[in-house]
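Breakdown of the fold
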Amino acid sequence: MERSVDVAIIGGGQAGLATSWHLNQANVDHVVLESGRVGETWRSRRWDSFCLVTPNEFIHLPGAKYDGPDPDGFLPLAELVAYIQSWADSFGAPVEGNSTVTKLEAGGGGFRLTLASSTIKARTVVVATGAYQQPYRPAGAESLPKDVVQLLAEEFTNPAALPPGAVLVVGSGQTGCQLAEEIHESGRKVFLACGRCIWVPRRMDGRDVFGWMVESGFLDRTPDQLPSPAARLLGNPQTTGHGKGHDLNYRVLHDLGVELLGRYAGADGSKLHFADDLAASVDFGDARLVDLLKFIEAGCAPKGITPPTVDMPPPLRVKTRTELDVAKDGIGSVIWTSGYRPDYGWVKFPVFDSMGFPQQVDGCTTVPGLYFMGVHWMRKGKSSILYGVGEDAGIVARHIVESRT
Ligand SMILES: Cc1cc2nc3c(=O)[nH]c(=O)nc-3n(C[C@H](O)[C@H](O)[C@H](O)COP(=O)(O)OP(=O)(O)OC[C@H]3O[C@@H](n4cnc5c(N)ncnc54)[C@H](O)[C@@H]3O)c2cc1C
């Protein structure tokens, strides 16, 4: 079965839907092809107690800017899913669910999209299949003993669903720290293998850190302002929206009783090895916070706003173990929260850089009619989040409209 459409948006998350909203405004005929349901990633790749880390007031989806009763709060997962679903319903987003595109290639003078039992010809395609695509496991993951249950962060649902025993969380970005805290609170022994990540105080001078980031233009930084292209892979800041939001970083977790370790370095039989590098990781996070504070200060000055004052804590120095024994330490499960990599192997166009990110400007590629949306750092630091995706979608939609005139 083959049919033709004008514009095909692949992916019905916030990036695809935001593009759909703008195309709808411009009366451009289109479909949204979605593997599962609207907002499927939020529905099936987050844990039960998930809540947003960004305050509700910074949900700036086009046509659905948050104006609810709790702007300073952090929507829990069920409410977020309902929010996205009702937004999609509000403008009749033309979403076709259960429609996974397995191949995108040139064909018929435009694009040919292969689905399970049909093909679609399209004049224009927007690939919006997610900022966090392929979960990454560090080197040495394959040497983990087979009798230890392994999960990806997106497979974790709740502590009770884990096998008995202690839990090793590998990766200490925002997600790793949140899982470590929540599993610890359930009464489990938790080990956290730590890497390098910025931490931020949840509030500074009474204002949420995210508000300061917005105010200072931190989230408007463009990819060329990053120290290197690899910096696109750095984790989001360590903090949490749980319990109305609080600080969550190495110091907090250490005080709670989570056992901090250096980076996971592989296994040898039942022995798990860790680098002796926690101090360096802690110092890295502290240094990046100092960078952020300087950025905020510089961004506030022209507006005459007094920047926040933060008393930097003394360096955290903890003696860590470099070896655990699965049996002796009672480790029943390992959760990998070690980041993501792009995964566009099904897109048969040479438009990707050496790290697998699409090469684009404002979402436009060198292939006429092929666009991307929702890519991490696509235009700015805010490109892949609820606060910034709408701005990018407006620009991509404008390019599509202009290409027709
Ligand atoms: C753990 C975690 C916490 C986060 N917390 C926040 C937060 O607090 N605030 C914030 O603003 N952002 C947050 N984000 C970032 C961001 O908002 C989310 O990653 C968001 O889901 C990105 O939206 P998206 O539409 O780009 O991608 P997705 O939501 O992943 O949507 C992509 C869609 O494409 C579909 N799809 C994929 N491949 C295909 C295919 N081949 N064919 C058809 N359909 C396909 C998927 O089913 C999915 O529905 C978080 C991210 C993570 C990972």
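Described in the following lines is the structure provided in the data block.

Read across the open sheet, the three strands follow the order E16-E17-E18; overall the sheet is antiparallel. The outermost strands of the open sheet, each flanked by one partner alone, are strand E16 (264-268) and strand E18 (323-325). Sheet twist, expressed as the average angle between the axes of neighbouring strands with direction ignored, equals 20 degrees. Here strand E17 (residues 271-274) runs beside E18; their pairing, made up of three bridges, is antiparallel. Of the residues in E18, the one forming a bridge with Leu272 is Leu324.

Glu34, Thr41, Val53, Thr54 and Leu386 are the nearest of the 31 residues found near the ligand. Take Ala15: an N or O atom from its main chain is 2.9 Å from an oxygen atom of the ligand. In the model, an oxygen atom of the ligand is placed 2.7 Å from a nitrogen or oxygen of the Val53 main chain. Taken by itself the ligand offers 970 Å² of open surface, and the protein chains cover 92% of this. Elements with a contribution of two residues or more to the shell around the ligand: helix H1 (14-25) and helix H2 (40-44). At three residues, H2 tops the list of elements feeding residues into the shell around the ligand. Classifying every residue of the shell around the ligand gives 14 nonpolar, 14 polar and three charged.

Attention shifts here to the sheet that holds strand E12 (residues 190-193). If you trace the five strands from one edge of the open sheet to the other, you get E10-E19-E11-E12-E15, paired in parallel fashion. The sheet is open, and its two borders are formed by strand E10 (149-152) and strand E15 (259-261), each paired with just one other strand. Across the sheet, the mean angle separating the axes of adjacent strands is 20 degrees when strand polarity is ignored. In this structure, E12 lies alongside E15, joined through three bridges in parallel fashion. Each bridged residue has a counterpart across the sheet, and for Leu192 the counterpart in E15 is Leu260.

This part is about the nonpolar core. Residues Leu104, Leu113, Leu192 and Leu370 are the most contacted members of the largest nonpolar core, which totals 88 residues. For this core, the element with the highest residue contribution is helix H3 (residues 77-90), accounting for seven residues. Counting 19 residues, the second largest nonpolar core, distinct from the first, contains Val148, Ala193, Leu272 and Ile331.

With that settled, the discussion passes to the packing of aromatic side chains. Going through the model one piece at a time under the given rule, you end up with 15 aromatic pairs. Relative to Phe274, the ring of Tyr264 has its centre 5.9 Å away and its plane inclined at 70 degrees; by these criteria the two rings are edge-to-face. In this pair, Tyr264 is assigned in strand E16 and Phe274 in strand E17, connecting sequence segments ten residues apart. Put simply, the rings of Trp42, Trp47 and Phe50 pair up and form one aromatic cluster. Lying over the aromatic face of Trp42, Arg46 brings its terminal NZ or CZ to 4.6 Å of the ring centre. For the cation-ring pair, Arg288 lies above Phe284, with the distance from its terminal atom to the ring centre recorded as 4.8 Å.

Turning to the environment of Leu293, a few remarks are in order. On the secondary structure map, Leu293 appears in helix H7 (residues 278-300). C-alpha separation for the pair Leu293 and Leu233, spaced 60 residues apart in sequence, amounts to 21 Å. When sequence neighbours within four positions are dropped, the list of residues in contact with Leu293 reads Met204, Val310 and Met312.

Let us look at the state of the cysteines. Summed over all chains, the structure comprises zero disulfides. In this structure Cys177 is a free cysteine whose sulfur lies 6.8 Å from that of Cys197, the closest cysteine sulfur available.

Taken as a whole and judged by the stated rule, the model has 27 salt bridges. Between Asp353 and Arg232 there is a salt bridge, and its shortest N-O distance comes to 3.0 Å. One end of the pair, Asp353, is in the loop between strand E20 (340-341) and strand E21 (370-372); the other, Arg232, is in the loop between helix H5 (209-216) and helix H6 (250-256), and 121 residues separate them in sequence. The residues Asp353 and Arg232 share a single accessibility class, namely buried.

Over its twelve residues, H1 extends 16 Å from the first C-alpha to the last, a length consistent with the 16 Å expected when each residue adds 1.5 Å. Residue Asn27 follows H1 closely and has a positive phi angle near 55 degrees.

Even without a glycine there, the phi angle at Lys244 is positive, about 70 degrees. Classification of Lys244 as exposed rests on a relative accessible area of 71%. If you check the backbone angles, Trp377 has positive phi at about 60 degrees while not being a glycine. Along the chain, Trp377 turns up in the loop between E21 and helix H8 (389-403).

This part takes up the side chain of Gln174. Secondary-structure assignment places Gln174 in helix H4 (residues 174-185). Residue classification places Gln174 among the buried positions, given a relative accessible area of 17%. Once residues within four sequence positions are removed from consideration, Gln174 is found in contact with Val53, Asn236, Pro237, Gln238 and Thr239.

Further remarks concern H5. Counting buried residues in H5 gives eight out of eight residues, a clear majority hidden from the surface. Those residues of H5 that sit buried are Val209, Phe210, Gly211, Trp212, Met213, Val214, Glu215 and Ser216. Buried-residue contacts for H5 involve strand E13 (203-204), strand E14 (207-208) and H7. Capping of H5 at its N-terminal end is provided by Asp208; its side-chain oxygen lies 2.8 Å from the backbone amide nitrogen of Phe210. Directly after H5, the chain includes Gly217, whose backbone phi takes a positive value near 85 degrees.

Conventions we followed
Residues numbered from 1 in each chain as written. Predicted model: local features only at pLDDT ≥ 70, side-chain atom pairs only at ≥ 80, totals over all residues. Heavy atoms only, no water. Pairing = 2+ DSSP bridges. Helix = DSSP H or I, 4+ residues; strand = E, 2+ residues; numbered from the N terminus. Axes fitted to C-alpha atoms, helices over the stretch in contact; angles between N-to-C directions. Near = heavy atom within 4 Å. Polar contact = N/O pair within 3.5 Å; in protein donor to acceptor, adjacent residues only side chain to side chain. Areas by Shrake-Rupley, 256 points an atom, 1.4 Å probe, with all protein chains shown as cover. Nonpolar A, V, L, I, M, F, W, Y, C, P; charged D, E, K, R; others polar. Core = buried A, V, L, I, M, F, W, Y, C linked by side-chain atoms within 4.5 Å. Buried < 20%, exposed > 50% of the residue type's maximum accessible area, 1.4 Å probe, protein only. Phe/Tyr/Trp six-rings, centres within 6.5 Å; stacked < 30°, edge-to-face > 60°. Lys NZ or Arg CZ within 6 Å of the ring centre and 35° of its normal. Contact = heavy atoms within 4.5 Å. Disulfide = S-S within 2.5 Å. Salt bridge = Lys/Arg side-chain N within 4 Å of Asp/Glu carboxyl O. Expected span 1.5 Å × (residues − 1).

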